[in-house]
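Reading the structure
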Amino acid sequence: FKSDPTLFLLWDAFTMMKTCLCMLALLYHGANGFQFMSKWKLPTPVNVAQEAAIEEKFGDKKLVVITGTSSGLGRKTAGALLRTGQYHVVGAVRDLDKMEAVAELDEWPLERFTPMECELNSFQSVRDFCDNLKEWKVGKPIDRLICNAGVYQPSLPYAKWSVDDHEQTMQINYLSHFLMISELLDDMTEAKDPRVIMVGSVTGNDNTVGGGGVYPIADLKNLDGFRAGFKNPIAMADGYGFIGAKAYKDSKLCLMMLSNMLHARYHKRTGIAFSSIYPGCLAESPLFREKRAWFRRYFPVFMKYITGGFVSEEEAGQRLFQVAHDPRCSKSGVYWSWNGGPRENRGLEALEKGGQISGGGGAGGGWDSIYENDQSDKVNDIDLSVELFKYSTEITGAKWPVKKTVVSPCPTLKVIGAISNQMIAKEELKRMAEKPGLNEDGTPIKPKLTVKKKAVLVTDKVVGGILSRTVGRVARFANRRLLGKLPEEALTGSFQEEKPLAKA
């Protein structure tokens, strides 16, 4: 640069521009601190080759994983995502033949839809699916994970058991999704706007008529069933007798609690938005395939013209699609609903509009009718949510990633931080050795130091002694000259006098 002043000026301007951009980005991202830097990567040959492979396979499409895309809500949501041309959808299903037939029938673009086998009735199948997905997507991060698949078996007089010997409804609806999220969470942190969406239910939220006024009520009680391992013959999360309808409601309650827990635990550290939704009552959905014929015929009529809670599969699919697609729904820790609660005295309006009226989850309203719904005390029970997370981890064998808050990449701060950590560790060892504290009976605690820690203490004592007699003397002299002598109050304390304990 010395030989060419122009190059020097250009380099200086470039350096200033980089600094300004970093400052502006930090100001823009505000409370997220340096989180936006977590996705920065240096252009290595491996990264360049990987980006080329991703570009060739996916182009600019976002990657979405949906469970249960062969029927009902999942099918309609996948179709809505594919119609935008902005997504590549992976359908996690148990029956590939059925899925391929549905994709052909609905005329889905097969170059942007990939079915993969995933039997939620088996933890091993979930792990295999996640491994196959990671290998197939050649390093592309997952942008959306939609936990949709579910079973509803309200008329079962006894529990049915999964491959892993757990009650089927709870494993398929909740536990296997719990495991899947743990397997894919780390990968999703690399996406620009990652979202994990869980399909909840009004039946899992007992602050509503549908959730709190119809027996059985979703209630995990003290999680005695999960605490005991939740294996055959324990069929319910609370440890009591099996009721098919309650197993479904409990599983939805678990999903909604999990969404809140993951938001608190991982959102700020990963940038992933966790939310749950209630798209409305899909009275004509295959979810009710195990109900009696008369129920399947008249239940949709009741929901359309009496409660106003009916929603078609098509519209429910549009709602779930909205939470995956709409920029407004990138907010985390939210329970999304539509239309603001069931309406009463709407019989005439319902007849005039063929049941298509606005209601709490009822049809109509469009995108602008979405709102952040309130959750029940059970869903918001933090202590029970922590216990649920703990026992679910034990039951599934899930391994959750340890995510740390992203800090400044400044080299100077990193050096200072490393030195500070060493000094702190050294002082803590000294404190533990010299003043270990007291047991309940007043006897001193004798810490058990490892050979390595003992070696550090001996080394520190030797080096510290030498430094104390050399550099330390100079430092103490400079300290006295520059800062002056410590006041007596600093050595004896000035807040209040010590008083002896009163004798009993």
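A short tour of the structure in this document, coming up. Here the structure is a predicted model, which means the values were calculated and not measured.

**Concerning the pattern of salt bridges**
- Evaluation of the coordinates by the stated rule reveals 19 salt bridges.
- A salt bridge links R195 to D193, with the shortest nitrogen-to-oxygen separation between them at 2.9 Å.
- Judged by its relative accessible area of 2%, R195 falls in the buried class.
- Linking K221 and D238 is a salt bridge whose minimum nitrogen-to-oxygen distance equals 3.9 Å. Of this pair, K221 sits in the loop between α7 (209–212) and α8 (224–227) while D238 is found in the loop between α8 and α9 (244–270), placing the two residues 17 residues apart along the sequence.
- We classify K221 as partly exposed; its relative accessible area is 40%.
- Here the residues in one salt-bridge network are D219, K221, D238, K246, D250 and K378, joined through shared partners.

**A short note on the side chain of D164**
- Its place among the elements puts D164 in the loop between β4 (144–147) and α6 (168–188).
- One polar contact links D164 to Q171, side chain to side chain, over a distance of 2.7 Å.

**A look at the nonpolar core**
- Within the largest apolar cluster, 61 residues are counted, with the highest numbers of intra-cluster contacts made by F129, Y174, I181 and F226.
- With residues near it in sequence (within four places) discarded, Y174 still touches T169, F226, S251, C254, L255, L258, L388 and S392.
- V89, W108, F113 and I370 belong to the second-largest nonpolar core, a separate cluster that totals 30 residues.

**Quick word on the side chain of D326**
- Topologically, D326 is positioned in the loop between α11 (313–325) and β7 (334–338).
- Other than its neighbours up to four places away in sequence, D326 contacts R195 and W367.

**Remarks on the sheet that holds strand β2 (residues 87–93)**
- Judged by pairing direction, the sheet is mixed, and its eight strands sit side by side in the order β3-β2-β1-β4-β5-β6-β7-β8 without closing on themselves. Here the strands that pair on one side only, and so sit at the sheet edges, are β3 (113–117) and β8 (370–372). On average, each strand axis in the sheet is inclined to that of its neighbour by 25°, with strand direction left out of account.
- As paired strands, β7 and β8 are joined by three bridges and run antiparallel to one another. Bridged to S337 within β8 is Y371.
- Across the face of the sheet, helix α4 (residues 96–105) comes into contact with β2 and β3 while running at roughly 165° to β3.
- Along the sheet, α6 makes contact with β1 (62–67), β4, β5 (195–199) and β6 (273–277), crossing β4 at roughly 175°.

About the cut-offs
- Residues numbered from 1 in each chain as written.
- Predicted model: local features only at pLDDT ≥ 70, side-chain atom pairs only at ≥ 80, totals over all residues.
- Heavy atoms only, no water.
- Salt bridge = Lys/Arg side-chain N within 4 Å of Asp/Glu carboxyl O.
- Buried < 20%, exposed > 50% of the residue type's maximum accessible area, 1.4 Å probe, protein only.
- Helix = DSSP H or I, 4+ residues; strand = E, 2+ residues; numbered from the N terminus.
- Polar contact = N/O pair within 3.5 Å; in protein donor to acceptor, adjacent residues only side chain to side chain.
- Core = buried A, V, L, I, M, F, W, Y, C linked by side-chain atoms within 4.5 Å.
- Contact = heavy atoms within 4.5 Å.
- Pairing = 2+ DSSP bridges.
- Axes fitted to C-alpha atoms, helices over the stretch in contact; angles between N-to-C directions.

It is worth stressing that arrangement in space is one thing and function is another; only the former is reported here.
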